[in-house]
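As a plain string of letters, each chain reads:
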Amino acid sequence: MLTPIEWWGGLIFVVGALTYRMVMGALETEDEGIPWYRLQMHAFYLLPAVVLAGYFYPLERTALQYAYLAVLAASLVMVLVMLAQELTGDTSEDEAPPAEAEASDGWASVLGAVVLYSPVLVACGLGCTKAWPMVQGLV
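Residues numbered from 1 in each chain as written. Predicted model: local features only at pLDDT ≥ 70, side-chain atom pairs only at ≥ 80, totals over all residues. Heavy atoms only, no water.

K.L.:
Help me out: how do you make sense of the confidence of the model for the protein chain in this one?
P.N.:
The predicted coordinates of low-pLDDT regions are not to be read in fine detail. Taken as a whole, the protein chain shows an average pLDDT of 77; of its residues, 71% reach a score of 70 or greater. At the level of individual helices and strands, the protein chain shows its lowest average pLDDT in helix α1 (residues 4-26), which scores 70, and its highest in helix α3 (residues 62-88), which scores 89. (pLDDT = per-residue confidence, 0-100. Helix = DSSP H or I, 4+ residues; strand = E, 2+ residues; numbered from the N terminus.)

K.L.:
Before we go on, may I ask you to explain the packing of aromatic side chains in this structure?
P.N.:
Aromatic ring pairs are reported here in terms of the distance separating the ring centres and the angle at which the planes meet. Using the criterion set out here, one finds three aromatic pairs in the structure. When the centroid spacing of 5.1 Å and the interplanar angle of 80° are considered together, the rings of Phe 44 and Tyr 45 count as edge-to-face. Neither residue differs from the other here; Phe 44 and Tyr 45 are each classed as buried. With a centroid separation of 5.1 Å and an interplanar angle of 65°, the aromatic rings of Phe 44 and Tyr 117 are classed as edge-to-face. In this pair, Phe 44 is assigned in helix α2 (residues 36-55) and Tyr 117 in helix α4 (residues 99-138), connecting sequence segments 73 residues apart. On the accessibility criterion, Phe 44 (2% relative accessible area) is buried. (Phe/Tyr/Trp six-rings, centres within 6.5 Å; stacked < 30°, edge-to-face > 60°. Buried < 20%, exposed > 50% of the residue type's maximum accessible area, 1.4 Å probe, protein only.)

K.L.:
Teacher, can you tell me more about the environment of Met 82 here?
P.N.:
Looking at the secondary structure, you find Met 82 in helix α3. Residue class for Met 82 comes out buried when judged on its relative accessible area of 2%. Not counting residues within four places of it along the chain, the set of residues in contact with Met 82 comprises Tyr 37, Gln 40, Met 41, Phe 44 and Tyr 117. (Contact = heavy atoms within 4.5 Å.)

K.L.:
Whenever I open this one, a nonpolar patch on the surface confuses me. Can you help?
P.N.:
Side chains of Trp 132, Val 135 and Val 139 sit close together on the surface and give an oily, nonpolar patch of about 350 Å² of accessible area. With respect to the helices and strands, Val 139 occurs in the segment after α4. Residue classification places Val 139 among the exposed residues on the basis of a relative accessible area of 84%. (Patch = residues over 30% accessible without salt bridge, like charges linked within 9 Å, V, L, I, M, F, W, Y side chains within 5 Å. Areas by Shrake-Rupley, 256 points an atom, 1.4 Å probe, with all protein chains shown as cover. Salt bridge = Lys/Arg side-chain N within 4 Å of Asp/Glu carboxyl O.)

Encoded structure:
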């Protein structure tokens, strides 16, 4: 029988995998050069998956604790990078959208960001709760 956190952890993995597949499917384009945005999206979804997987294991060795903290830090940096990109947007300053379209898109983009970011934010939150006692013990 699974404990409640293991059950919710599995649900977070499933929702994260679905949103990851949905986002990566939307980015299926043939671009020249290095696909930086695709690499960012891979890191944005896969690093928190590693953090969530590590959440369920006791990390007794110091090297494992440092590795877990490093992956958690990289995951939090990727969350900040993606949030900064969401806030700055991809539209140019010369092209201002009409006020009606901006008002109706506001709630849709907030709901879309909550759906896309929820598995990542939950994984990072759980990772931070696990990391706090480790940080206190290492310092």
